[in-house]
Structures are given as C-alpha cells and as structure tokens.
Amino acid sequence: MTKERTLVVVKPDGVQRSLIGEITGRLERVGLKLVGIKMIVPTPEFIETHYTIDPEWRRITGEKTIKSYKEKGQIPPSEDPLEITGVILKNLMTFMTSGPVVAMVWEGVHAVKIVRKLVGSTEPLSSDVGTIRGDYVLDSYQLSDKDGRAIRNLAHASGTVDEATKEIDLWFEKDELIDYRLVQDAILYDVNMDGILE
Ligand code: GDP
Ligand code: MG
C-alpha cells in the first residue's frame, strides 16, 4: 500500500507546555517516520492561508459550530456560518502567531488517519482519553468562547490525504523533506519477517 505523508504542527501552547517531546514521541513509537521538522513563528497571513487551504473550510466549520451550539441548547453568536468562522479565524491568527510552533511531516501507511486518531478530536473536553488532546490539556469551546480566544488543543494534524498534500506544500519546501530508510521499516512492512534470525 502506498505510504501517506501528513502535517503535524505543535501549536504555541504545546511548545510552551514543554510537550514537543511527548507529542513527537507518540507519533514516533507508533511506527511513523519523521521526514521533515522545523520551528517557526508563523505570520497571521500564513495562518489564514493554512486554515483556508480548503475553500469549503469557512462554510463547513461555521455550520458545524452553529450546529454544536444548538445541540447544547445554546444560541449561536450568529446564524451566518461565515461570520462565525471569521471570528474563529481571527482568534486562530492571534493564537498561532503568539510564539514558535514546530511543524513536522510524518510518513507511513495510513499516516493521516493514524495521526488523527493519536491527536484526538478538536475539543479537549471531549477528546478521548489516551489521545494527545485528551491526555495533556483541558479546554472547552465554552471556556475559549467566553474568553474570546482559540481553543488550546496542542497540535494540528491534517484531516485528509488531500488536505495533507496541500498543507505540506504550504509549510515545507521540497528539499526540506528527506527520503531515507528506517531500520524498523523492515519489521513494520516486511511480509515474512524473515530477516531476523541469523
Ligand atoms: P481540527 O482539524 O481538529 O483542528 O479541527 P478543524 O479543522 O475543524 O478546526 C480547526 C480549528 O478551528 C480548531 O483547532 C479550532 O481552533 C477551531 N474550531 C473548529 N471548530 C470549532 C468550533 O466549533 N468552535 C470554536 N470556537 N472553534 C472551532
Ligand atoms: Mg482541521
């Protein structure tokens, strides 16, 4: 099966919480291969481009947010999905440029889904125990909305293979990604495991 590549960004809260190692370690130990890594302080324009790389993101996220307010029996701040995402995006631009982030590209079979599983769902309040967002941070939409800020959920991970391709292209130059062999690949991907005994 073809290997996928996916983008992971340790957000400013992850760096400040000294969780770069924990997050990287969890992705490493599952068997994924790190093929690119760098620390940068993004600009607001770059963050806007990142989050709107899918032209539907504004609409989908706005609609999702309105729905989740209503499911909780609350009144959404607006009925206009684009107005809602305008606020979310502005908060993300402030948050994501507040300090350094660590951008990484991870490679492996099913890399996109595996990383999403390990990172956990968007809101730490409901992220599963055992996931990065479930284990290492407490935050909720209720609190972040009240404080008028982005939710602090430690890491970004590409949602689909298509999103991953576009995001990697945005964050990394071709020569910043390295093709190399990892000895563990022989065990993870070898069909017969016949290279062990001498
Ligand atoms: P992710 O892929 O799990 O990070 O989630 P999305 O791609 O759906 O959303 C990207 C970012 O938008 C999240 O990390 C949040 O900061 C923000 N966001 C998404 N959905 C909501 C929401 O319902 N309410 C609020 N306040 N922010 C949201
Ligand atoms: Mg996303």
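Residues numbered from 1 in each chain as written. Chains lettered and ligands numbered in written order. Predicted model: local features only at pLDDT ≥ 70, side-chain atom pairs only at ≥ 80, totals over all residues. Heavy atoms only, no water.

1. Regarding the environment of Val8
When you line up the elements, Val8 lands in strand 1 (residues 4–10). The contact partners of Val8, leaving out residues within four places of it in the chain, are Leu27, Val102, Ala103, Met104, Trp106, Val115 and His156. (Helix = DSSP H or I, 4+ residues; strand = E, 2+ residues; numbered from the N terminus. Contact = heavy atoms within 4.5 Å.)

2. Considering the sheet that holds strand 4 (residues 155–157)
Here four strands make up an open sheet; going across it, the order is 2-3-1-4 and the pairing antiparallel. Edge positions in the sheet fall to strand 2 (33–40) and strand 4, since each of these pairs with one other strand and no more. Here the strands of the sheet are splayed against their neighbours by 15° on average, with no regard to which way each runs. For strand 1 and strand 4, the ladder comprises three bridges, and the chain directions are antiparallel. Note on strand 4: the bridge partner recorded for Val10 is Ala155. Along the sheet face, helix 2 (residues 20–29) touches strand 1, strand 2 and strand 3 (101–108) and points at about 5° away from the line of strand 3. (Pairing = 2+ DSSP bridges. Axes fitted to C-alpha atoms, helices over the stretch in contact; angles between N-to-C directions.)

3. A look at the site of ligand 1
Near ligand 1 lie 15 residues; those nearest to it are Lys64, Thr65, Arg116, Thr122 and Asp145. At a separation of 2.6 Å, an oxygen atom of ligand 1 approaches a polar side-chain atom of Thr122. The protein chains hide 91% of the 540 Å² of surface that ligand 1 would expose on its own. Listed by contribution, the elements that provide at least two residues to the shell around ligand 1 are helix 4 (57–71), helix 5 (81–96) and helix 8 (141–146). Per-element tally for the shell around ligand 1: the top contributor is helix 4, with four residues. Here the residues of the shell around ligand 1 are counted per class, giving six nonpolar, four polar and five charged. Domain assignment of the residues forming the shell around ligand 1 places at least three in each of domain 1 (1–40 + 99–179) and domain 2 (42–98). (Near = heavy atom within 4 Å. Polar contact = N/O pair within 3.5 Å; in protein donor to acceptor, adjacent residues only side chain to side chain. Areas by Shrake-Rupley, 256 points an atom, 1.4 Å probe, with all protein chains shown as cover. Nonpolar A, V, L, I, M, F, W, Y, C, P; charged D, E, K, R; others polar. Domains from an automatic or database assignment.)

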